[in-house]
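Single-letter residue listing:
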Amino acid sequence: MSNLNYGVIGNCRTAALISETGNIEWLCFPEFDSPSIFAALLDRKNGGNFGFQVSNKYSISQSYVPHNNILSTRFSSEEGEFVVVYFMPCYHSQNKDEHYRPAEIYRYINRIKG
């Protein structure tokens with residue numbers, strides 16, 4: 001493992017590690033103690049991941065939406081630009097002490113240009 005620069009999204013039920021190139025490379029689902037769905041972090045050949053392959057012409061930057069656990073990865077080049085936003089929902093229930101944490105990952109792709 002030469003690069004451990006990962007973003008994390010989660011909902012207090014589980015979490016995913018997302019590489020700086022926008023690939024989900026670690027996820028135990030639907031709970032922290034569940035078997036891994038993606039494990040490329042540990043085994044590039046057999047671990048599996050879910051992401052994008054873009055040409056070397058793209059520059060990629062990653063940041064969190066301020067004051068949220070929403071991760072944004074921006075892909076830009078002369079050809080085009082798009083942003084991928086990742087998050088896991090966590091909803092407040094009517095009882096303020098309880099939360100609804102569905103086993104869901106949202107990945108929203110927004111084309112900017114191209």
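Throughout this description, residue numbers start from 1 for each chain and increase along the sequence as written. The model is predicted, so local features are restricted to residues of pLDDT at least 70 and side-chain atom pairs to those at 80 or more, both for listing and for counting; the totals for chains, interfaces and linings are taken over all residues. To obtain the side-chain values, all non-hydrogen atoms of the structure were used and water was disregarded.

## A look at the overall build of the protein chain
Link 1 in the chain: Broken down by element type, the protein chain carries zero helices and ten strands.
Link 2 in the chain: Listing the helices and strands of the protein chain from first to last along the sequence gives β-β-β-β-β-β-β-β-β-β.
Link 3 in the chain: Here the protein chain, with 114 residues, has 32% of them falling under the buried criterion.
Link 4 in the chain: Here, two residues are considered to be in contact whenever any of their heavy atoms come within 4.5 Å of each other. Looking at the protein chain alone, contacts between residues at least 24 apart form 38% of all its contacts between residues at least 6 apart.
Link 5 in the chain: Throughout, the Shrake-Rupley method with a 1.4 Å probe supplies accessible areas, and for residues the shown protein chains are the sole cover considered. Taken as a whole, the protein chain presents about 7,500 Å² of accessible surface, with 51% of it coming from carbon and sulfur.
Link 6 in the chain: Counted as positive: Lys and Arg. Counted as negative: Asp and Glu. His and the chain ends are not counted at all. We put the charge of a Lys on NZ, of an Arg on CZ, of an Asp on CG and of a Glu on CD. Between the averaged position of the 10 positive side-chain charges in the protein chain and that of its 11 negative side-chain charges there is a distance of 6 Å. Runs of H or I in DSSP of at least four residues are treated as helices and runs of E of at least two as strands, each being numbered from the N terminus. For every residue, the accessible area (1.4 Å probe, protein chains only) is compared with the maximum for its type, and the residue is labelled buried under 20%, exposed over 50%, or partly exposed between those bounds.

## Here's the deal with the sheet that holds strand 6 (residues 71-76)
Link 1 in the chain: At least two bridges found by DSSP between two strands are what make those strands a pair. The strand order across the open sheet formed by four strands is 5-6-7-10, and the pairing between neighbours is antiparallel. Each end of this open sheet is capped by a strand with a single partner; those strands are strand 5 (59-64) and strand 10 (106-113). Across this sheet, the average inter-strand angle for adjacent strands is 15°, counted without regard to direction.
Link 2 in the chain: Note that strand 6 and strand 7 (residues 81-87) share six bridges and pair antiparallel. Bridge pairing in strand 7 links F75 to F82. Orientation is described by lines fitted to C-alpha atoms, with helices fitted over the stretch in contact, and by angles between N-to-C directions that extend from 0 to 180 degrees.

## Quick look at the pairing of strand 6
Link 1 in the chain: With five of six residues buried, strand 6 is to be regarded as a mostly interior element.
Link 2 in the chain: Bridge analysis of strand 5 against strand 6 gives six bridges, and the strand direction is antiparallel. By the bridge assignment for strand 6, S63 is matched with S72.
Link 3 in the chain: Turn length for the strand 5-strand 6 hairpin, with the two strands adjacent in sequence and antiparallel, is six residues, and the turn residue H67 shows positive phi of about 65°.

## Focus on the side chain of E81
Link 1 in the chain: Here E81 shows up in strand 7.
Link 2 in the chain: By relative accessible area, which is 15% here, E81 ends up buried.
Link 3 in the chain: Of note is the side chain of E81, whose polar atom sits 2.4 Å from the side chain of R74.
Link 4 in the chain: If we ignore the near neighbours within four places in the chain, the residues touching E81 are R74, F75, S76, R111, I112 and K113. Definition of a polar contact: a pair of N or O atoms within 3.5 Å, with one able to donate and the other able to accept a hydrogen when the atoms are protein atoms, and with sequence-neighbouring residues admitted only if both atoms are side-chain atoms.

## Regarding the pairing of strand 7
Along any regular strand, the residues point their side chains to alternate faces of the sheet.
Link 1 in the chain: Most of strand 7 sits inside the fold, with six of its seven residues counted as buried.
Link 2 in the chain: Taking the residues between adjacent antiparallel strands as the criterion, strand 6 and strand 7 are bridged by four residues.
Link 3 in the chain: With seven bridges joining them, strand 7 and strand 10 adopt antiparallel strand pairing. Bridge pairing in strand 10 links Y86 to R107.

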